[in-house]
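Below, each chain spelled out in residue letters.
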Amino acid sequence: MASTARRLAAATIVAVTTLSLAACNNSSGTSDTGSSTAGAAVTGGTLNMLGAGDVDYMDPNISYYSVGYLNLRMWSRQLFTYPADPGGKNTTPVADLATELPTTANGGISADGKTYTIKIKSGAQWNTSPARQVTAADLVRGLKRTANPVQPFGGIPDFANLIVGFPAFQAGFAKVASTPAAIASYINNTPLPGVVAKDDTTVVFTLTQPATYFPDMLTLPAFSPAPVEALKYLPASTELGNNFPSDGPYQVDSWVPTKSITYTRNPAWNASTDTVRKAYVDKINVNETVSQDSIQQQLQTGTPSADLEFDVGPPPSQLPALIAKKDPNLNLGETASTNPYVVYNTASPNNNKALANLKVRQAISYAINRDNVLQVLGGPTINPPLTHVLPASIVGSKQIDPYPFNVDKAKQLLAEAGYPKLTLKFLYRNASEGGSKAFQTIQQDLSKAGITVVGVPSPNADFYVKYLQVPTAARSGVWDLSLASWGADWYGNAALSFFNPLFSGTPSFPPIGSNFGLYNDPSTNTLIQQAAAAPTEDQAAALWAQADAKVMADAPFYPLTNPKWPNYHASQVNNAVFVPAMQMFDPTNVWLAKDKQG
């Protein structure tokens, strides 16, 4: 993501703005280059990962940022997840905590498609003292936590109206005091009819309508179980992040936000219950204070404390050379994303609310030269253009290009709107080469149409949590334009995971959703509701295409590319398999060469 969903792509935005919001964003799971794998797997050693920023939240039920999902891979498990499959099937969900994928044949899905009954594996344990079984009650508690009043999960619009009783549960939770005691009391004493623990290891989900994509949705970390100990702390807090029990192969020993994360083996993890994570290395260290250029240099030159990237990929300026020499340590993964895109703050009070004017937004869209932006992000080979909402691999995508580059048209629309001259504030992440270059390129493009663009630089760690996810920052005019990114929360029939979090009006406003520019159009909202409830995939596809066209006509954002996703690893790293849900190689499945154990 966003986010997934994860969602969640790149040049790529890995290079532009580090990893993206939402976590899942790969259409085929294939890569352009392979990972190095030499001989039999080797256990032991310390895996050193280097980054320039932090996770969004060290909280499985709240994190909605691809680097957050990467972090959770080490110590948090879901009912279903995406495997690190070198054969390319890493966009097909497999059972993780669950015993099997539900079907009508095995009794997991009811005849009407509205009830899912899922069993949890015996032996999956929390690293509590003493260790104990992960239960169905933990699953219920985890999903309830997503609606907490302190920091709700950003992808709630994906499932709020799908799970029976969730809107009422969410509305009640919003009125609860933001204290651990009040939150725990509400969770413990307020039922959620659509998610029930039938017994210790059986959870039952009841939906308002059939949803063939529901098992894919259950790969979201938001649906992770939460033990009762998690209720001792405020959701998304640093204290919780350092004390959340683990049910994965590793545990968080230390998290110093924006500085470092240390993971060690979880003694309660039972490898026989986990077919997804091999956990070859003994320890994982993350250094979050390294520049993008330095990370790439250290990985390429064999620095002993550098094995994998954490939240940034190769600088865009270095990608052409790496691709040209077919560097075996470079991987280009396919994505299903809009990454980056330019978001317009429709609620900004600046310039006498100019961005609330449709013609102004359309003028900006005509004035941006997409080709120029894609070139500074690494070129069209890794940045194929995207001219509308849905990437080609998503059901409902239909090729349209409503805003071909046209400066004269932009000037005409600005004059008609009464804004021949504008000054706009552009929020961007200045620690990223791609983010800075994209801002500068758009600044130059818009100047030709009479629009002055002033930069608002942000540290990586603040970009979402202090700006885009805070509606008051938009409403007070802290920013007018920004770069953001989004990827599918699941695959194929996944248009819902673009439209509900990004364009569905008030329910998608942050912090609950990721509609950062506060776009709200009643006819778009209706189309989204109709498409989500369509009885067949063909009917849904037609409605999603209509919704795509309507959003583009309203111009609340400007899409740029559905990019390839670049990642790089050091030569001593083996079995580096790209998993699109994390937009990275899976750290729980790599091993280090015997003579380079970190």
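Anything mentioned here points back to the structure above.
Residues numbered from 1 in each chain as written. Predicted model: local features only at pLDDT ≥ 70, side-chain atom pairs only at ≥ 80, totals over all residues. Heavy atoms only, no water.

**Details of the overall build of the chain**
On a plain count of helices and strands, the chain comes out with 19 helices and 23 strands. Over its C-alpha atoms the chain spans a radius of gyration of 23 Å, differing by no more than 12% from the 25 Å that the globule rule assigns to 598 residues. Each principal axis of the C-alpha distribution contributes one length, and for the chain these read about 70 × 55 × 45 Å. When burial is assessed residue by residue, the chain has 64% of its 598 residues classed as buried. Put simply, the chain shows about 19300 Å² of open surface, and 53% of that area lies on carbon and sulfur atoms. Of the charged side chains in the chain, 40 are positive and 42 negative; the average position of the first set lies 3 Å away from that of the second. (Helix = DSSP H or I, 4+ residues; strand = E, 2+ residues; numbered from the N terminus. Rg over C-alpha atoms; globule rule 2.2 N^0.38 Å. Buried < 20%, exposed > 50% of the residue type's maximum accessible area, 1.4 Å probe, protein only. Areas by Shrake-Rupley, 256 points an atom, 1.4 Å probe, with all protein chains shown as cover. Lys, Arg positive; Asp, Glu negative; His and termini not counted. Charge placed at Lys NZ, Arg CZ, Asp CG, Glu CD.)

**Section: the sheet that holds strand β1 (residues 46-50)**
Reading across the sheet, the five strands line up as β9-β10-β11-β1-β12 and stay open at both edges, with mixed pairing between neighbours. Every interior strand has two partners, whereas the edge strands, β9 (250-256) and β12 (308-309), have only one. Across two bridges, the pairing between β1 and β12 is parallel. Across the sheet, the residue bridging to Leu50 is Glu309, located in β12. (Pairing = 2+ DSSP bridges.)

**Remarks on the sheet that holds strand β4 (residues 115-119)**
Neighbouring strands of a sheet are bound in pairs by backbone hydrogen bonds; such pairs are parallel or else antiparallel. Within the open sheet, the three strands sit side by side as β4-β8-β7. Their pairing is antiparallel. What marks the edges here is a single partner per strand, and that holds for β4 and β7 (195-199). Across the sheet, the mean angle from the axis of one strand to that of its neighbour is 25°, orientation sign disregarded. Along the sheet, helix α3 (residues 136-145) makes contact with β7 and β8 (202-206), crossing β7 at roughly 170°. (Axes fitted to C-alpha atoms, helices over the stretch in contact; angles between N-to-C directions. Contact = heavy atoms within 4.5 Å.)

**Brief notes about the side chain of Asp59**
Following the sequence through the fold, Asp59 ends up in the loop between β1 and α2 (66-75). Assessed through its relative accessible area of 0%, Asp59 is described here as buried.

**Quick word on unusual backbone geometry**
Backbone phi values are negative for most residues with the exception of glycine, while trans is the configuration of most peptide bonds. In the segment running from Ser129 into Pro130, the intervening peptide bond is cis, with an omega of 0°. Mapped onto the elements of the fold, Pro130 is located in the loop between β5 (125-126) and β6 (132-133). The peptide bond linking Pro510 to Pro511 adopts the cis configuration, its omega dihedral lying at 10°. Looking at the secondary structure, you find Pro511 in the loop between α17 (496-503) and α18 (522-532).

**A few points about the packing of α17 against α18**
Two elements in contact, α17 and α18, have axes whose closest approach is 11 Å; the angle formed by their N-to-C orientations is 150°. Classed by the angle they form, the pair α17 and α18 counts as roughly antiparallel. Every pair of crossing elements has a handedness; the one defined by α17 and α18 is left-handed. Together, Leu496, Phe499, Asn500 and Phe503 of α17 and Thr524, Asn525, Ile528 and Ala532 of α18 make up the contact between the two elements. Among the residues making up the contact of α17 with α18, the classes are represented as five nonpolar, three polar and no charged. (Parallel < 35°, antiparallel > 145°, perpendicular 65-115°, else oblique. Left-handed = near helix turned anticlockwise from the far one by under 90°. Nonpolar A, V, L, I, M, F, W, Y, C, P; charged D, E, K, R; others polar.)

**Side note on the packing of helix α4 (residues 166-173) against helix α5 (residues 180-189)**
Viewed as axis vectors pointing N to C, α4 and α5 meet at an angle of 155°, and their least axial separation amounts to 11 Å. By the angle between their directions, the pair α4 and α5 is classed as roughly antiparallel. In this structure, α4 crosses over α5, and the sense of that crossing is right-handed. Side by side, α4 and α5 meet where Ala168, Phe169, Gly172 and Phe173 of the first sit next to Ile183, Tyr186 and Ile187 of the second.

**Some details on the nonpolar core**
Judged by nonpolar contacts, the single largest core of 165 residues is most densely connected at Leu79, Phe205, Val342, Ile364, Phe499 and Trp544. Those residues in contact with Leu79, other than ones at most four positions away along the chain, are Val94, Ala95, Asp96, Leu97, Ala98, Ile118, Ile120, Leu139, Val203, Phe205 and Leu218. In terms of nonpolar packing, the next biggest core, distinct from the first, is built from 13 residues, Val290, Leu319, Leu322 and Ile382 among them. (Core = buried A, V, L, I, M, F, W, Y, C linked by side-chain atoms within 4.5 Å.)

**Here's the deal with the pairing of strand β16 (residues 451-458)**
Put simply, side chains in a regular strand alternate between the two faces of the sheet. Pairing between strand β15 (residues 422-429) and β16: eight bridges, direction parallel. Within β16, the residue paired with Lys425 across the bridge is Val454.

**A closer look at the pattern of salt bridges**
Pairing between side chains becomes possible if they bear opposite charge and their charged atoms approach one another. Counting across every chain of the model gives 16 salt bridges. Notably, a salt bridge pairs Arg265 with Asp282, separated by 2.9 Å at the nearest N-O pair. Within this pair, whereas Arg265 is found in strand β10 (residues 260-265), its partner Asp282 is found in the loop between β10 and β11 (283-287), the two being separated by 17 residues in sequence. Put simply, Asp554 and Lys550 hold a salt bridge, and the shortest N to O gap is 2.7 Å. Of this pair, Asp554 and Lys550 both sit in helix α19 (residues 537-554), four residues apart, roughly one helical turn. Sharing partners across several salt bridges, the network here consists of Arg77, Asp96, Asp274 and Arg277. (Salt bridge = Lys/Arg side-chain N within 4 Å of Asp/Glu carboxyl O.)

**Re α2**
Within α2, 10 of the 10 residues are buried, which leaves the element mostly enclosed by the surrounding structure. Residues of α2 that are buried: Ser66, Val67, Gly68, Tyr69, Leu70, Asn71, Leu72, Arg73, Met74 and Trp75.

**Structural notes on helix α13 (residues 407-417)**
Residues of α13 that are buried: Val407, Ala410, Leu413, Leu414 and Ala417. The buried residues of α13 all sit within an arc of 125° when viewed along its axis, so they share a single face. Away from the buried face of α13 by more than 90 degrees, exposed residues Asp408 and Ala415 are located. Capping the start of α13 is the job of one residue whose side-chain oxygen sits 3.2 Å from the backbone nitrogen of Asp408: Asn406. (Arc of directions from axis to C-beta. Polar contact = N/O pair within 3.5 Å; in protein donor to acceptor, adjacent residues only side chain to side chain.)

**Observations regarding the environment of Leu207**
Secondary-structure assignment places Leu207 in the loop between β8 and α6 (214-217). Spatially, the C-alpha atoms of Leu207 and Ile368 are 43 Å apart, while their sequence positions differ by 161 residues.

**Digging into the packing of aromatic side chains**
Two aromatic rings are characterised by how far apart their centres lie and by the angle between their planes. Taken as a whole and assessed by the stated rule, the structure comprises 27 aromatic pairs. Between Tyr366 and Tyr403 the ring centres are 5.2 Å apart and the planes differ by 80°, which places this aromatic pair in the edge-to-face class. Taken together, the positions of Tyr366 in helix α11 (residues 358-367) and Tyr403 in the loop between α12 (370-376) and α13 put the pair 37 residues apart, joining distant regions of the chain. Its relative accessible area of 14% is what places Tyr366 among the buried residues. With a relative accessible area of 6%, Tyr403 lands in the buried category. (Phe/Tyr/Trp six-rings, centres within 6.5 Å; stacked < 30°, edge-to-face > 60°.)

**Points about the environment of Ala431**
Secondary-structure assignment places Ala431 in the loop between β15 and α14 (433-447). For Ala431, a relative accessible area of 42% translates into the label partly exposed. When the C-alpha positions of Ala431 and Thr258 are compared, they lie 13 Å apart, and in sequence the two are 173 residues distant. If sequence neighbours within four positions are ignored, Ala431 has contacts with Gln292 and Asn460.

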